[in-house]
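# Overview (structure and organization)
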Amino acid sequence: MTVTTLSRQGAIAIVTVNNPPVNALSQALRQGLWDAVATCDADPDIRAVVLICAGRTFIAGADVSEFGKPPMEPHLPDLVNRIEAAAKPWVAAIHGSALGGGFEVAMGCRFRAALDTASVGLPEVGLGIVPGASGTVRTPRLAGVAAAVELVTTGKPLGAAKAQSMGLLDAVVTGDLLQGALDFTLTALEQPLPLPISERPVAAPAPEFWAEQQTAIARRAKGEAAPLRALDCLRKATEAPFAEALAFERATFLDLRGSEQAAALRHVFFAERAAPRPAHLAGVPPLPLRHTGVIGGGTMGAGIAAALRDADLPVVLIERDAEALARGVANLRSIFDAAVKRGRLTADQAEARMAGITPSTDYAALSDTDLVIEAVFEDLSVKHAVFDALGRFCRSDAVLATNTSYLDPRRIAEGLPNPARFIGLHFFSPANVMKLLEIVPVPETAPEVLATGFALGRALGKIPVQAGICEGFIGNRILKRYRMAAESLLRKGVTIAKIDAAMRSYGFAMGPFEAQDLGGLDIAFLQREAARASGQDVPETLGDLLVRAGRKGQKTGAGWYDYAPGDRTPRPSDAVAKLLADRIMPTAAPTDIAAYLVAEMAAEGQAILADGIARNAADIDLVKIHGYGFPRWRGGPMFASGTRG
Ligand code: T1G
């Protein structure tokens, strides 16, 4: 396949890249661009070159699937240098995303013009590496050190307008990108050309700048190597000549590319891209999703409704009476108000979100919905009453979903006239923020209803993962094992604070006990009590002792730790030590606490695979990363403990 083609418009050559799906810089593309430089240089009638891409995006970066293979010529840094040194100025015409190597190629060009909808970025740290083709060396010369630090160490792409204001783009055009880029080029040719970026000076920042950045980034990175190594490269770029800084960047890039962290992040990269479109549903068309409904306006229901509104889906919100409905609407209002405060939404956008909510206490308001998600109290008889009403008031082809986290969806579906359209959609709180969506079909669920669950996940920007039916599905089942394993360490005499600290230094934001104090110990306790009441043999946990003593977590000022009023700082508790004293028998415990607890999670993951609850190990990793704070750069419990299949 020809991945580059050359055409002409007057004195301007147009090099078009066509390497689907995302124009990644495969060896063939690098060679194609290398040859295009020579061809254009040799043609005396060509005055400038516009580089543009076919398909959904500009060059999205190096070809990540080539990372495990030996590098092949022409190497990307050489290609970027060659474009920069071309006898004719190149102009990058950017649509979609110019990412990583794609943006580096754009920086080899003398000018960068972009569509107003485009974005640019250097996302390499998200893959556990640093830019490998001058990103850390050219960006500070193009836009200054502060902008370069932001772009390179966060890895977050910037929209065209912001990128232009920071000096990363020369022009932003609307409408026809090629025409806009040609017009820009003709105007640019009337003036003296700017220096190639590699020849521009770079201003050194204030002396304290690097130390401050180092501290801030180390705090964010929590053990992730790439952001700090990227900062080293940027510093080198301001202190050493261009070629020396380039060599330093390349050496850092190659070193990190072979690292365990980079392997883990590549694993997550491909798992996240595979998840929304699972192979077993290829060719199964989802049902249309135009109108939605949510039953219950509590924390979960309001969060789900907010997520639906963020995807611009109209929502009918149902509550049992006017008072509860008013509370639900207020919950939604406060979600959007908070988004405005944080600058995520404008006030107008928040109003538009609210305007798309139709509150009602009458199920008849759901008569035209395509999908209804139930998020009411976790009680089977309450759920049955809801689904009985849904069965009567919804269209017969509407998808009816439960957000239950621990009831058996098969029992909830009992009595539905048409269980083929029933499915579990398990959101994580806060539902408008957390990326994970567990999709739980019952045996009767129709394939197109399952496909609709995935389509909803894509529409909401979630990571959808299919789970089979068992207690806790994938995520909470592993969470339970993790907590039990942490309690077993406690029983052996390891302190609560030491276990939490070990998991924090592994990369979690919180250890297992701190996290329970934040979320509240009572919910899991009540579940265990309900199971006991129904005759199941549920062994007593240490958490049970705490709840019985009134220690339900931060909300009661006491849980696994003590809390001073108005202060969330966990303080080791003498009262807890006394409560647990006769359950603790100091014995030999694993020395590497984090390794032990992660191995326990992975062992449960193996059981989940053996039971057919998860479709593959990568899905389990995604569940833990996107629903439970497992450090992304560790790759998830299955990857981290060597289960890579
Ligand atoms: N390499 C290989 N395959 C890639 C790829 C890449 N860089 N990016 C995407 N794909 C595949 C992906 O697996 C999927 O495959 C398909 O393309 C569509 O992706 C030297 C070291 C561009 C915003 O990190 O952010 O440059 O499942 O579903 O939603 O410094 O893809 O169809 O078989 O995500 O339209 C830096 C990552 C590389 C960009 C498009 N670049 N990609 O989103 O499609 S490192 C990145 C994206 C680097 C240099 C370095 C997104 C996108 P399949 P998709 P999308």
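Residues numbered from 1 in each chain as written. Predicted model: local features only at pLDDT ≥ 70, side-chain atom pairs only at ≥ 80, totals over all residues.

With an unreviewed UniProt entry as reference, the protein is termed 3-hydroxyacyl-CoA dehydrogenase NAD-binding domain-containing protein, source organism Gemmobacter denitrificans. The Pathway (unreviewed entry) field of the UniProt record for the protein holds the comment "Lipid metabolism; fatty acid beta-oxidation." Reading the Catalytic activity (unreviewed entry) entry of the UniProt record for the protein gives the comment "a (3S)-3-hydroxyacyl-CoA + NAD(+) = a 3-oxoacyl-CoA + NADH + H(+)". (UniProt positions renumbered as here; feature names shortened; annotations may be inferred.)

## Observations concerning the overall build of the protein
The helix and strand tally for the protein stands at 26 helices and 19 strands. Its C-alpha radius of gyration of 28 Å places the protein within 12% of the 26 Å reference for a compact globule of 645 residues. Along the first, second and third principal axes, the C-alpha set of the protein runs to 90 × 60 × 45 Å. In the protein, the proportion of contacts linking residues at least 24 apart, taken out of those at least 6 apart, comes to 71%. (Helix = DSSP H or I, 4+ residues; strand = E, 2+ residues; numbered from the N terminus. Rg over C-alpha atoms; globule rule 2.2 N^0.38 Å. Contact = placed C-beta atoms within 7 Å.)

## Let's talk about the sheet that holds strand S8 (residues 158-159)
Pairing is mixed across the open sheet formed by three strands, whose spatial order is S5-S7-S8. Two strands lie at the open edges of the sheet, namely strand S5 (97-99) and S8, each paired on one side alone. Here three bridges tie S5 to strand S7 (residues 119-121), and the two strands are oriented parallel to one another. Note on S7: the bridge partner recorded for Ser 97 is Ser 119. Along the sheet, helix H3 (residues 101-108) contacts S5 and S7; its crossing angle with S5, the most-contacted strand, is approximately 90°. (Pairing = 2+ DSSP bridges. Axes fitted to C-alpha atoms, helices over the stretch in contact; angles between N-to-C directions.)

## Examining the packing of helix H18 (residues 475-491) against helix H25 (residues 617-628)
As a packed pair, H18 and H25 sit with axes 10 Å apart at the nearest point and diverge in direction by 80°. By the angle between their directions, the pair H18 and H25 is classed as roughly perpendicular. Residues Gly 475, Ile 478 and Leu 479 of H18 lie in contact with H25, whose contacting residues are Val 623, Lys 624, Gly 627 and Tyr 628. A breakdown of the residues in the contact of H18 with H25 according to their chemical character gives four nonpolar, two polar and one charged. (Parallel < 35°, antiparallel > 145°, perpendicular 65-115°, else oblique. Nonpolar A, V, L, I, M, F, W, Y, C, P; charged D, E, K, R; others polar.)

## Concerning helix H10 (residues 242-257)
Given a rise of 1.5 Å per residue, 16 residues ought to cover 22 Å, and the 22 Å separating the end C-alpha atoms of H10 matches this to within 8%. Against the buried residues of H10 lie helix H2 (76-84), helix H4 (135-143), helix H9 (226-239) and helix H11 (260-274). (Expected span 1.5 Å × (residues − 1).)

## Side note on the domain arrangement of the protein
Domain parsing of the protein yields domain 1 (4-258), domain 2 (279-466) and domain 3 (475-596). In this structure, domain 1 and domain 3 have C-alpha centres spaced 49 Å apart. (Domains from an automatic or database assignment.)

## Describing unusual backbone geometry
At the junction of Pro 20 and Pro 21, the peptide bond is cis and its omega measures out at 0° in the coordinates. Note that the residue after Ser 429, namely Pro 430, is joined by a cis bond; omega there is -5°. Structurally, Pro 430 can be placed in the loop between strand S15 (422-427) and strand S16 (436-441). The backbone of Asn 23 sits at a positive phi, close to 55°, despite the residue not being glycine. Residue classification places Asn 23 among the buried positions, given that 25 C-beta atoms sit within 10 Å. (Buried ≥ 20, exposed ≤ 12 C-beta atoms within 10 Å, placed from the backbone.)

## Considerations on the sheet that holds strand S2 (residues 12-17)
Here we have six strands laid out as an open sheet, ordered S1-S2-S3-S4-S6-S9, and mixed in their pairing. A single partner strand is all that each edge strand has here, and the edge strands are strand S1 (4-9) and strand S9 (171-173). Adjacent strand axes in the sheet meet at a mean angle of 25° when their direction is disregarded. Pairing geometry for strand S4 (residues 90-94) and strand S6 (residues 111-115), over four bridges, is parallel.

## Considerations on the site of the ligand
Lining the immediate surroundings of the ligand are 26 residues, of which Ala 60, Gly 61, Ala 62, Gly 100 and Gly 101 lie closest. Mapped by element, the contributors of at least two residues to the shell around the ligand are S5 and H3. Within the shell around the ligand, the residues separate by chemical class into 13 nonpolar, eight polar and five charged. (Near = placed C-beta within 6 Å.)

## A word on the UniProt feature "domain: 3-hydroxyacyl-CoA dehydrogenase NAD binding" (unreviewed entry) in the protein
In the numbering used here, UniProt assigns the feature "domain: 3-hydroxyacyl-CoA dehydrogenase NAD binding" (unreviewed entry) to residues 292-467. Along residues 292-467, the helical share is 41% and the strand share 20%, with 23 Å between the first and last C-alpha atoms.

## Quick look at the environment of Ala 389
With respect to the helices and strands, the residue Ala 389 is situated in helix H15 (residues 380-393). Exposure remark for Ala 389: the 16 C-beta atoms within 10 Å place this residue in the partly exposed category. Once the C-alpha coordinates of Ala 389 and Leu 416 are considered, the two residues, 27 residues apart in sequence, prove to be 9.9 Å apart.

## Remarks on the pairing of strand S17 (residues 463-466)
With burial as the criterion, each face of S17 is covered, one bearing Ile 463 and Val 465 and the other bearing Pro 464 and Gln 466. Summarising the sheet, S16 and S17 pair through four bridges and their orientation is parallel. Across the sheet, residue Ile 439 finds its bridge partner in S17, namely Gln 466. Crossover S16 to S17 through helix H17 (residues 447-459) is right-handed. (Right-handed = clockwise from strand over helix to strand, strands pointing away.)

## A short note on the pairing of strand S3 (residues 48-53)
Where burial is concerned, most of S3 is hidden: five out of the six residues are buried. Taken together, the six bridges between S2 and S3 define a ladder with parallel strand orientation. The residue bridging Val 17 from the neighbouring strand is Cys 53, located in S3. Relative to S4, S3 runs parallel, the two sharing four bridges. The residue bridging Val 50 from the neighbouring strand is Val 91, located in S4.

## What about the environment of Val 294?
Structurally, the position occupied by Val 294 is in strand S10 (residues 292-295). When the C-alpha atoms of Val 294 and Thr 402 are compared, they prove to be 9.9 Å apart, with 108 residues separating the residues in sequence. Apart from the residues within four sequence positions on either side, Val 294 is in contact with Gly 301, Ile 304, Ala 305, Val 315, Leu 317, Ile 373 and Ala 375.

## A closer look at the nonpolar core
By size, the foremost hydrophobic cluster in this structure holds 186 residues, and its most contacted members are Val 91, Ile 94, Ile 304, Ala 305, Val 372, Ile 474 and Ile 499. When sequence neighbours within four positions are dropped, the list of residues in contact with Ile 474 reads Glu 438, Val 465, Ala 467, Ile 608, Ile 613, Ala 614, Ile 620 and Val 623. (Core = buried A, V, L, I, M, F, W, Y, C linked by C-beta atoms within 7 Å.)

## What to know about the UniProt feature "domain: 3-hydroxyacyl-CoA dehydrogenase C-terminal" (unreviewed entry) in the protein
As recorded in UniProt, the sites labelled "domain: 3-hydroxyacyl-CoA dehydrogenase C-terminal" (unreviewed entry) are residues 472-563. This span, residues 472-563, is 60% helix and 2% strand, and a straight line between its end C-alpha atoms measures 30 Å.

## Considering the packing of H11 against H25
Contact geometry for H11 and H25: axes closest at 10 Å, N-to-C directions at 100°. Taken together, the axes of H11 and H25 lie roughly perpendicular to each other. From H11, His 267, Val 268, Ala 271 and Glu 272 reach across to H25, where they touch Ala 618, Asp 621, Leu 622 and Ile 625.

## Let's talk about the environment of His 75
If you trace the backbone, His 75 turns up in the loop between S3 and H2. Placed 140 residues apart in sequence, His 75 and Thr 215 show a C-alpha to C-alpha distance of 34 Å.

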